[in-house]
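Chain residues, written in single-letter form:
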Amino acid sequence: MLASVFTKTIRDRWIGMFIGAITLGLLLLMGMAAYKSIDLSIYDSMPAGFRNLLAIPKGASIGALAYGAIYTSYGALTLAALLIPMGTGAIAGEERDGTIGLLLGNPVSRISVVAQKAAAIVVVAAFGGVVLWLAGIGAPAVLGVTVTGVTLASLSFAMFVNALFYGFLALAISTWTGKRGIGAGVSTGVLIVGFIAAGLFPIIPGWENAAKVFPWYYYASNKPQINGVDWWHILVLLAAVVVFVAIALIGVGRRDLRSQSVGVTIMDRLRANPRTAKIVERIAGSAQVSTIWMKSVSEHQGLLIITVYVMLIMSLAIGPLYNLITGPIKEFGASLPPTLLALFGGGNLSTADGFYQIEIFGMMAPAAVMVATIAIGSRALAGEEQQRTMGLLLSNPVSRGSVVLQKTVSMVIHGVAVGISIFIGVWLGSVIGRLGMNAWHIAATCLLATLIGLVVGALALALSAATGRVRVAVYGAIGVALISHVLNAFLPLNTSTEGLTKWTPFGYYLNSDPLANGMDWWHGLVLLVLTLVLVGLAVAWFQRRDLRQRG
Amino acid sequence: MTDQIAIHTGGLTKHYGDLHALIDLDLDVFAGEVFGYLGPNGAGKTTTIRLLMDEIRPTAGSATILGRDTHRDPVELRKYIGYVPGDLAMYPNLTGHDTLTYFANLRGGVDWSYVDELAERLDADLTKKVGDLSSGNRQKVGVIQAFMNRPTILIMDEPSSGLDPLIQREFQQMMREVAANGGSVFLSSHTLSEVQRVADRVGIIRHGRLIALESVATLRAKGLRRVELEFTEPATASEFENVSGVRDLVVRNHHVAMSYEGSMGTLLAIATRHHTLVDIATQEADLEEIFLTYYHDEESH
């Protein structure tokens, strides 16, 4: 597997994709098992338009529902999210690691390296699509379920092409700029904003066409699992991929390669300017290195600013948008059974609270907090070991336990900052849209969202402390969060398994319906204790083991 | 150098599964000395240093620094230690000054006028981001952070890598000053000439075992010499190869070269038995040759 840049890239990346796809396959299996045990007739009583909105065909079978719930959104998001690091790592990652010079010291051109890395992205994405397709065939066979009305191969193919779009977008931006962060940030932003916008705009009268601006529309709008491949849409995505490859190929040739060097930030320029030097020095200079936790907070400030900004704007925008949704959809939403609504975060379209729950609190809010907490939790210890700075840090009179706790403080600060931004956004959205939501209830929900984010972040921290490996911490924490979220959505579908939600962390997030009922302190306490236990484990595990010498 | 033990290891052992990285290391480093720790790649030098710094935990045995157990009391100990890890890495987004500020904040009690003095002596630029510095200039920042709180104990793993010769000399002077003030320097190095110049004693480690522990003066006094003989007529290898103390024998026509440990009178008597000696050149072996000789002995066992 070390015969070429192409094969080495596949060797480094296939396992992550394999684990991601297998996890999704298992989720599909769980979803199907849950659907198998419930009465599906409720779906047939829905209006065709609404059914279409939820990607559920008439006479929907267990299979169709499970594919729609697991593969269409989670599957496609995961596949795309796994390709983004491949795109950013292709050239900019080698530059960051300082290996690009060594690589290009061999008789291989820059263009050839980009081309081979691009080919590897395609192969790994196809591999993911094939594993999902096989898992999609295997799951109903295991459960003895007959699947009708679903074109699994079309769905897998559409997910593959969709993922390529984001992987190559990340490749183009990172390779053009030489900066991984920009590529990852923009690609993830386009993915998440597009995912939400492509689902939201079609239900707002007069704004239906606005969804076409977002790439997710060209993947999901024709419901490939029901209607097969829309070749025009696929062509749009593939055309974009071709453009991205061209940008990457031109980009890598036009600029100086970076050799582990670092960019000049706005803060650097302000520090260099005599007029602003004094104040900026105080904020960004001496303050950021005053303690371990302050340094950790400042290291991730870029990610925090973006997350806070996006959540603030999105939370705020939902309020006025709610008023644009037509009455019939709201009325129909009121008639849906709670078990079905649990799949979409337990919200109810007929109320502003419910709409916020579906659009913001169901997935986005905890995900946004987790972006911040997992980023710090996973890199806090393992990141320093990977960069080989932990030995130097611990040569100072500071204990390992103190390092873990100070990194935890920075994780909590980031999580709380995102939680507060969501609160401000939702509260302002409610005020602007005259929705009359209870501010205390909003605060309670944001607190619970912050706490569930901290639980998952603390899990990342504990895995990071136990293994010293960033990838294990990131994938482990995301995997547990995903499984917990899906279990919490599916377990209530069957009365015999409903009680099991108390064994999943997500069961203590929205199950008490805090937007309607206010804070459930018992649930908050459970999440807090879980966080503290995981941090305690992180301290214990980190104190016990040898530091890794290499990442 | 005094009799006061600064660093002590007793039966210090580290296994990584089947790999025995360090085996039963018994070692004392005294106050007021520079201790050179020599060995090839993978010999166990970095493992020893990481054990001393409590980065990794021993499979058996223990280590103390200034009388405190390195594992039980690491935080208090580190107030007195300056450390340069091997393959030094720092935070690329911080300037040299920010980096030193960070570590100064964690340690406390750093005199910034002394930091400025160190930066001047090493000709270090502290205004640039560490990620933008060359490896040598990055190493200077690492050396300054190790010296800046006037440590009693300096533990350094290949600290000279990347430093130019002039700066290396200044750096060696700085190490001697620490020892002169009663401190101890534990210096792992490949640069044998550096150890020869700066160290009081040398430990040689190979395959995880300490195979020699001598003062530099004693090593030199072992009498290993480089000898070259020139004769009027061609010589043969058989005349010298069985002579006790002869190693690395090379015979080219009239010219004979060897490493020799023993009496020069004995060697000259053999050399002049059948030939007329035209010229003789001899010089004291440097540590490298002594070092290689030890390996040769080890491998032949």
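Residues numbered from 1 in each chain as written. Chains lettered and ligands numbered in written order. Predicted model: local features only at pLDDT ≥ 70, side-chain atom pairs only at ≥ 80, totals over all residues. Heavy atoms only, no water.

Section: the pairing of strand 8 (residues 184–189) of chain B
All names here are of chain B.
And then number 1: Most of strand 8 sits inside the fold, with 6 of its 6 residues counted as buried.
And then number 2: Here strand 8 shows no split at all, with Ser184, Phe186 and Ser188 on one side and Val185, Leu187 and Ser189 on the other all buried.
And then number 3: Sheet topology note: the strand 7 (residues 153–157)/strand 8 ladder contains 5 bridges and is parallel. Its bridge partner lying in strand 8, Ile153 is registered against Ser184.
And then number 4: Traced from strand 7 through helix 6 (residues 165–180) to strand 8, the parallel crossover comes out right-handed. (Buried < 20%, exposed > 50% of the residue type's maximum accessible area, 1.4 Å probe, protein only. Helix = DSSP H or I, 4+ residues; strand = E, 2+ residues; numbered from the N terminus. Pairing = 2+ DSSP bridges. Right-handed = clockwise from strand over helix to strand, strands pointing away.)

A short note on the packing of aromatic side chains
And then number 1: If you walk through the whole model with that rule in mind, you get 23 aromatic pairs over all chains.
And then number 2: The interplanar angle of 20 degrees and the centroid separation of 5.9 Å between the aromatic rings of Phe201 of chain A and Trp207 of chain A together place this pair among those described as stacked.
And then number 3: Among the residues examined, Trp207 of chain A registers a relative accessible area of 45% and is labelled partly exposed.
And then number 4: For the pair Phe147 of chain B and Phe171 of chain B, a centre-to-centre distance of 6.1 Å together with 75 degrees between the ring planes defines the contact as edge-to-face. Of this pair, Phe147 of chain B sits in helix 5 (residues 135–147) while Phe171 of chain B sits in helix 6; the two residues are 24 residues apart in sequence, bridging distant segments of the chain.
And then number 5: For Phe147 of chain B, a relative accessible area of 1% puts it in the buried group. (Phe/Tyr/Trp six-rings, centres within 6.5 Å; stacked < 30°, edge-to-face > 60°.)

Concerning the layout of surface pockets
And then number 1: The space that makes up the second largest pocket amounts to roughly 610 Å³.
And then number 2: Lining the second largest pocket are 35 residues, with Gln549 of chain A together with Thr46, Thr47, Arg50 and Asp157 of chain B sitting closest to its centre.
And then number 3: Every element with two or more residues in the lining of the second largest pocket is listed here: helix 21 (390–393) of chain A together with strand 2 (19–30) and helix 1 (45–52) of chain B.
And then number 4: Broken down by element, the residue count for the lining of the second largest pocket peaks at 4 residues, all from helix 1 of chain B.
And then number 5: For the lining of the second largest pocket, a count of residues per class yields 12 nonpolar, 13 polar and 10 charged. (1 Å grid on protein atoms, 1.4 Å probe; cavity = no way out; pocket = protein on both sides within 12 Å on 5 of 7 lines; lining within 4 Å. Points joined across faces, edges and corners; volume = space filled by probe spheres on them. Nonpolar A, V, L, I, M, F, W, Y, C, P; charged D, E, K, R; others polar.)

As for helix 26 (residues 521–544) of chain A
Residue and element names in this part refer to chain A.
And then number 1: Compared with the 34 Å implied by 1.5 Å per residue over 24 residues, the 34 Å span of helix 26 between its first and last C-alpha is a close match.
And then number 2: Looking only at helix 26, the buried set comprises His523, Gly524, Val526, Leu527, Thr531, Leu534, Val535, Ala538, Val539 and Phe542.
And then number 3: Residues of helix 26 that are buried in the fold lie against helix 20 (382–386), helix 21, helix 22 (400–432) and helix 23 (439–467).
And then number 4: The opening residue of helix 26 is Asp520, an N-cap whose side-chain oxygen sits 3.1 Å from the backbone nitrogen of Trp522. (Expected span 1.5 Å × (residues − 1). Contact = heavy atoms within 4.5 Å. Polar contact = N/O pair within 3.5 Å; in protein donor to acceptor, adjacent residues only side chain to side chain.)

Here we look at the interface of chain B and chain A
And then number 1: Facing 33 residues of chain B, the contacting portion of chain A comprises 38 residues.
And then number 2: Roughly 3100 Å² of surface becomes buried between chain B and chain A when both sides are summed, with 52% attributable to carbon and sulfur atoms.
And then number 3: A salt bridge links Asp546 of chain A to Lys14 of chain B, with the shortest nitrogen-to-oxygen separation between them at 2.4 Å.
And then number 4: Linking chain B with chain A are 13 residue pairs in polar contact (both at pLDDT 80 or more).
And then number 5: Elements that contribute at least two residues to the side of chain B that touches chain A include exactly strand 1 (5–16), helix 1 and helix 3 (96–107) of chain B.
And then number 6: A per-element tally of the side of chain B that touches chain A places helix 3 of chain B first, with 7 residues.
And then number 7: Class assignment for the residues of the side of chain B that touches chain A results in 15 nonpolar, 6 polar and 12 charged. (Buried area = accessible area lost by both parts, 1.4 Å probe. Salt bridge = Lys/Arg side-chain N within 4 Å of Asp/Glu carboxyl O.)

Looking at the packing of helix 22 of chain A against helix 23 of chain A
All names here are of chain A.
And then number 1: Axis separation between helix 22 and helix 23 bottoms out at 9 Å; the angle between their running directions is 150 degrees. Regarding the angle of helix 22 to helix 23, the classification is roughly antiparallel. In this structure, helix 22 crosses over helix 23, and the sense of that crossing is right-handed. Facing Val404, Thr408, Met411, Val412, Gly415, Val416, Gly419, Ile422, Phe423, Val426 and Trp427 of helix 22, the residues of helix 23 in contact are Ala439, Ile442, Ala443, Cys446, Thr450, Leu454, Gly457, Ala458 and Leu461.
And then number 2: A class-by-class count of the residues in the contact of helix 22 with helix 23 yields 15 nonpolar, 5 polar and no charged. (Axes fitted to C-alpha atoms, helices over the stretch in contact; angles between N-to-C directions. Parallel < 35°, antiparallel > 145°, perpendicular 65-115°, else oblique. Left-handed = near helix turned anticlockwise from the far one by under 90°.)

Brief notes about the sheet that holds strand 10 (residues 209–215) of chain B
All names here are of chain B.
And then number 1: Spatially, the 6 strands line up as an open sheet ordered 6-7-8-3-9-10, and their pairing is mixed. If you trace the sheet from one side to the other, it starts and ends with strand 6 (81–84) and strand 10, each paired once. Taking the axes of each pair of neighbouring strands and ignoring which way they run, one obtains an average angle of 15 degrees across the sheet.
And then number 2: When strand 3 (residues 34–38) meets strand 8, the two strands line up parallel, connected through 5 bridges. Residue pairing across strands places Leu38 opposite Ser189, the latter belonging to strand 8.
And then number 3: Against the sheet, helix 5 contacts strand 6 and strand 7, and its axis sits at roughly 165 degrees relative to strand 6.

Focus on the nonpolar core
And then number 1: Core analysis: the biggest nonpolar cluster contains 124 residues, and Ile360, Phe361 and Ile422 of chain A together with Phe147 of chain B have the highest contact counts within it.
And then number 2: Ranked by residues supplied to this core, first place goes to helix 23 of chain A with 16 residues.
And then number 3: If near-sequence neighbours (up to four positions away) are discounted, Phe147 of chain B is found in contact with Tyr114, Leu118, Leu154, Met156, Phe171, Met174, Met175 and Val178 of chain B.
And then number 4: The next biggest cluster of nonpolar side chains, apart from the first, holds 86 residues, and it includes Ile100, Val108, Met159 and Ala240 of chain A. (Core = buried A, V, L, I, M, F, W, Y, C linked by side-chain atoms within 4.5 Å.)

A look at unusual backbone geometry
Residue and element names in this part refer to chain B.
And then number 1: Within the chain, Arg150 stands out as a residue other than glycine whose phi angle is a positive 45 degrees.
And then number 2: As for its position among the elements, Arg150 is in the loop between helix 5 and strand 7.
And then number 3: Given the relative accessible area of 52%, Arg150 is considered exposed.
And then number 4: Even without being glycine, Asp248 reaches a positive phi, approximately 50 degrees.

Details of the side chain of Ser430 of chain A
Residues and elements named next belong to chain A.
And then number 1: Here Ser430 is to be found in helix 22.
And then number 2: Engagement of the side chain of Ser430 in a polar contact is seen with the backbone nitrogen of Met437, the distance being 3.1 Å.
And then number 3: If we ignore the near neighbours within four places in the chain, the residues touching Ser430 are Tyr356, Leu435, Gly436 and Met437.

Regarding empty space enclosed by the protein
And then number 1: Taken as a whole, this structure holds 2 cavities of 30 Å³ or more when the rule is applied.
And then number 2: Here the largest cavity is characterised by a volume of approximately 50 Å³.
And then number 3: Leu52, Met53, Asp54, Thr70, Pro74, Leu77, Arg78 and Ile81 of chain B together form the lining of the largest cavity.
And then number 4: In this structure, the second largest cavity occupies an estimated 30 Å³ of space.
And then number 5: Looking at the second largest cavity, the residues that line it are Ala158, Tyr218, Tyr219, Asn222, Pro224, Gly228, Val229, Asp230 and Ile234 of chain A.
And then number 6: Of the residues assigned to the lining of the second largest cavity, the class counts are 6 nonpolar, 2 polar and 1 charged.

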